[in-house]
Amino acid sequence: MIVFDLLCAPSGHVFEAWFASSDAFETQKSGGLIHCPICGSGDVGKALMTPNIAAKSNRRAVTVAKGDTPDAKTMLAALAKAQAAVLINSSWVGRDFATQARAMDAGEIDKASIHGEASHSEVKSLIEDGIEIAPLPLPVIPPNQSN
Ligand SMILES: [Zn+2]
């Protein structure tokens, strides 16, 4: 058995359905045997899966709740929520990001979750040196610094 997230095209309802195989899904779909359980529409296809967010020592899948319309706004809100969850235990270090990431990698300072700004060349050189970093999917508004 295989489970698919299906999407009804007219209304954007998302629901799960079980099939004996991927072929069985195609057969039933082309035979018009699959209907949206919410509105009854037969115009049903596989829902696109939302991306995974990889962050330093933290990996979370973003999913859109069943029944929600997975439009751009919903996807963005889910992404923003997941990013906020990842960053809740992370400190903003601004332009010190590359320096601090290197210091942690070298064991000069304690490892911690940080996020900040880095130039393209800094990112490239961190990756080349095998330091584990991950881009954030959404821009972060730097917190106001009191000093
Ligand atoms: Zn529907």
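In short, a report on the structure. What you are looking at is a predicted structure, and each value in this text was computed from that prediction instead of being measured.

## Points about the packing of aromatic side chains
Here a ring pair, both rings aromatic, is described through the centre-centre distance and the interplanar angle of the planes.
Right, so step 1: Inspection of the entire model under this criterion finds 3 aromatic pairs.
Right, so step 2: Pairing Phe-4 with Phe-19 gives two aromatic rings, centres 6.0 Å apart and planes at 40°, and the pair type is tilted. Separated by 15 residues along the polypeptide, Phe-4 in strand S1 (residues 2–8) and Phe-19 in strand S2 (residues 14–19) bring together distant segments of the chain. Residue Phe-4 shares its accessibility class with Phe-19, and that shared class is buried.
Right, so step 3: Of the aromatic side chains, those joined through ring pairs into one cluster are Phe-4, Phe-19 and Phe-25.
Right, so step 4: Lying over the aromatic face of Phe-4, Lys-46 brings its terminal NZ or CZ to 4.3 Å of the ring centre.

## Quick word on the coordination of the zinc ion
Right, so step 1: For the zinc ion, the full set of protein donor atoms is Cys-8 (SG), His-13 (ND1), Cys-36 (SG) and Cys-39 (SG), and the range of their distances to it is 2.0 to 2.3 Å.
Right, so step 2: Sequence positions of the residues that donate to the zinc ion give the spacing C-x4-H-x22-C-x2-C.

## Things to note about the side chain of His-13
Right, so step 1: Examined against the element boundaries, His-13 turns out to sit in the loop between S1 and S2.
Right, so step 2: Judged by relative accessible area, His-13 falls into the buried class, the value being 16%.
Right, so step 3: In contact with His-13, not counting residues within four places along its chain, are Leu-6, Leu-7, Cys-8, Cys-36, Ile-38 and Cys-39.

## Points about the sheet that holds S2
Right, so step 1: With respect to topology, 3 strands assemble into an open sheet ordered S2-S1-S3, the strand pairing being antiparallel. The open sheet has two edge strands with one neighbour each: S2 and strand S3 (44–46). Strand-to-strand twist across the sheet, computed as the mean angle between neighbouring axes with direction ignored, equals 45°.
Right, so step 2: Sheet analysis places S1 next to S3, joined by 3 bridges and oriented antiparallel. If you follow Leu-6 over to S3, its bridge partner there is Lys-46.

## Regarding helix H3 (residues 97–105)
Right, so step 1: Within H3, the full set of buried residues consists of Phe-97, Ala-98, Ala-101, Ala-103 and Met-104.
Right, so step 2: Among the residues trailing H3, Gly-107 stands out with phi positive, at a value near 75°.

## Observations regarding the pattern of salt bridges
Right, so step 1: Within this structure, the stated rule accounts for 3 salt bridges.
Right, so step 2: A salt bridge links Glu-122 to Arg-95; the shortest N-O distance between them is 3.3 Å. Taken together, the residues span a long stretch of sequence, with Glu-122 in helix H4 (residues 120–128) and Arg-95 in the loop between strand S6 (91–94) and H3 at a distance of 27 residues.
Right, so step 3: Classification of Glu-122 as partly exposed rests on a relative accessible area of 22%.
Right, so step 4: Between Arg-102 and Asp-129 there is a salt bridge, with the nearest N and O atoms lying 2.7 Å from each other. Here Arg-102, found in helix H3, pairs with Asp-129, found in the segment after H4; they are 27 residues apart in sequence, far enough to count as distant.
Right, so step 5: Exposure remark for Asp-129: the relative accessible area of 46% places this residue in the partly exposed category.

Cut-offs used in this document
- Residues numbered from 1 in each chain as written.
- Predicted model: local features only at pLDDT ≥ 70, side-chain atom pairs only at ≥ 80, totals over all residues.
- Heavy atoms only, no water.
- Phe/Tyr/Trp six-rings, centres within 6.5 Å; stacked < 30°, edge-to-face > 60°.
- Helix = DSSP H or I, 4+ residues; strand = E, 2+ residues; numbered from the N terminus.
- Buried < 20%, exposed > 50% of the residue type's maximum accessible area, 1.4 Å probe, protein only.
- Lys NZ or Arg CZ within 6 Å of the ring centre and 35° of its normal.
- Donors = N, O, S within 2.8 Å, 3.2 Å for Na, K, Ca; no water.
- Contact = heavy atoms within 4.5 Å.
- Pairing = 2+ DSSP bridges.
- Axes fitted to C-alpha atoms, helices over the stretch in contact; angles between N-to-C directions.
- Salt bridge = Lys/Arg side-chain N within 4 Å of Asp/Glu carboxyl O.

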